[in-house]
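As a plain string of letters, each chain reads:
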Amino acid sequence: MLRNALMRSGFRSFFTHSTHSKRPNLNITEPLNYIGGKQVAPREALAVFQVQDPATGDVICSCPGSGKTDVDDAVKVAGKAYDSWSQTSGVERSRILNSVAKRLRERQDVVSEIESRDCGKPIWESRADIEAAADCLAYMAGHAAVLSGY
């Protein structure tokens, strides 16, 4: 509602100029659940919902709903992953977190574009958010290397 009022008041360029013009086509396919290191379709067929860019109203993609069975599967696998992660040394955790930070930085342009469209915020803000996330992972990696626990 505020966006529409601002656009009518002459702030249209705030929402469209340089932030959303000439944006690359992301070719987002149907998003899937990520369970156990694999992308899997929901086992329960629930309603499909449209993800829209709040700044433009454009449909980004369609997402199938996931049900209780899908959530139960994810929680079960996450519990097993926790058991494995808790046995991982601090040095190895550090290596993994640094690797994730590096991959996030390598894909910053695409991830920022997706974040910008999903949230309807300026691309520069999404880039800053993604950089901050990578920085946080690297920071935690530094701590993980010196952890020793029981």
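Residues numbered from 1 in each chain as written. Predicted model: local features only at pLDDT ≥ 70, side-chain atom pairs only at ≥ 80, totals over all residues. Heavy atoms only, no water.

### Details of helix α3 (residues 90–106)
With 17 residues, α3 should cover 24 Å at 1.5 Å per step; its first-to-last C-alpha distance of 24 Å lies within 8% of that length. Within the span of α3, buried status applies to G90, R93, S94, L97, A101 and L104. All buried residues of α3 fall inside an arc of 100 degrees around its axis, so they share one side. Exposed side chains of α3 directed beyond 90 degrees from the buried face belong to V91, K102 and E106. (Helix = DSSP H or I, 4+ residues; strand = E, 2+ residues; numbered from the N terminus. Expected span 1.5 Å × (residues − 1). Buried < 20%, exposed > 50% of the residue type's maximum accessible area, 1.4 Å probe, protein only. Arc of directions from axis to C-beta.)

### Focus on the layout of surface pockets
Space inside the largest pocket adds up to approximately 480 Å³. Of all the secondary-structure elements, those providing two or more residues to the lining of the largest pocket are β4 (59–64) and α4 (108–119). For the lining of the largest pocket, the residue count by class is 11 nonpolar, two polar and two charged. (1 Å grid on protein atoms, 1.4 Å probe; cavity = no way out; pocket = protein on both sides within 12 Å on 5 of 7 lines; lining within 4 Å. Points joined across faces, edges and corners; volume = space filled by probe spheres on them. Nonpolar A, V, L, I, M, F, W, Y, C, P; charged D, E, K, R; others polar.)

### Examining the packing of α3 against helix α5 (residues 123–144)
Interhelical geometry of α3 versus α5 gives an angle of 165 degrees and a closest axis separation of 8 Å. The angle between the axes of α3 and α5 places the two elements in the roughly antiparallel class. Handedness of the crossing formed by α3 with α5: left-handed. Counting all contacts with α3, which are made through G90, V91, R93, S94, L97, N98, V100, A101, L104 and R105, the residues of α5 involved are I130, E131, A133, A134, D135, L137, A138, M140, A141, G142 and A144. For the contact of α3 with α5, the residue count by class is 13 nonpolar, four polar and four charged. (Axes fitted to C-alpha atoms, helices over the stretch in contact; angles between N-to-C directions. Parallel < 35°, antiparallel > 145°, perpendicular 65-115°, else oblique. Left-handed = near helix turned anticlockwise from the far one by under 90°. Contact = heavy atoms within 4.5 Å.)

### Observations concerning α5
Taking 1.5 Å as the rise per residue, α5 with 22 residues should run 32 Å; its terminal C-alpha atoms sit 31 Å apart, in good agreement. For α5, the secondary structure elements touched by its buried residues are α3 and α4.

### Quick word on the packing of α4 against α5
Packing of α4 against α5 leaves a shortest axis separation of 8 Å and a crossing angle of 120 degrees. Accordingly, the angle class assigned to the pair α4 and α5 is oblique. Crossing of α4 against α5: the hand is right-handed. Contacts between α4 and α5 involve Q108, D109, V111, S112, E113, E115 and S116 from the former and I123, S126, R127, I130 and E131 from the latter. Residue composition of the contact of α4 with α5, grouped by class: three nonpolar, four polar and five charged.

### Digging into the pattern of salt bridges
The final tally for this structure, using the stated rule, is nine salt bridges. A salt bridge links K68 to D72; the nearest nitrogen and oxygen atoms lie 2.7 Å apart. With K68 and D72 both in helix α2 (residues 68–86) and four residues apart, the pair spans about one turn of that helix. Overall, D72 belongs to the partly exposed group, its relative accessible area being 38%. E113 is paired through a salt bridge with R117; the nearest N and O atoms lie 2.9 Å apart. Here E113 and its partner R117 are both found in helix α4, four residues apart, which amounts to about one turn of the helix. Judged by relative accessible area, E113 falls into the buried class, the value being 7%. Note on R117: relative accessible area 14%, which makes it buried. One salt-bridge network, in which partners are shared between bridges, spans R105, E131 and D135. (Salt bridge = Lys/Arg side-chain N within 4 Å of Asp/Glu carboxyl O.)

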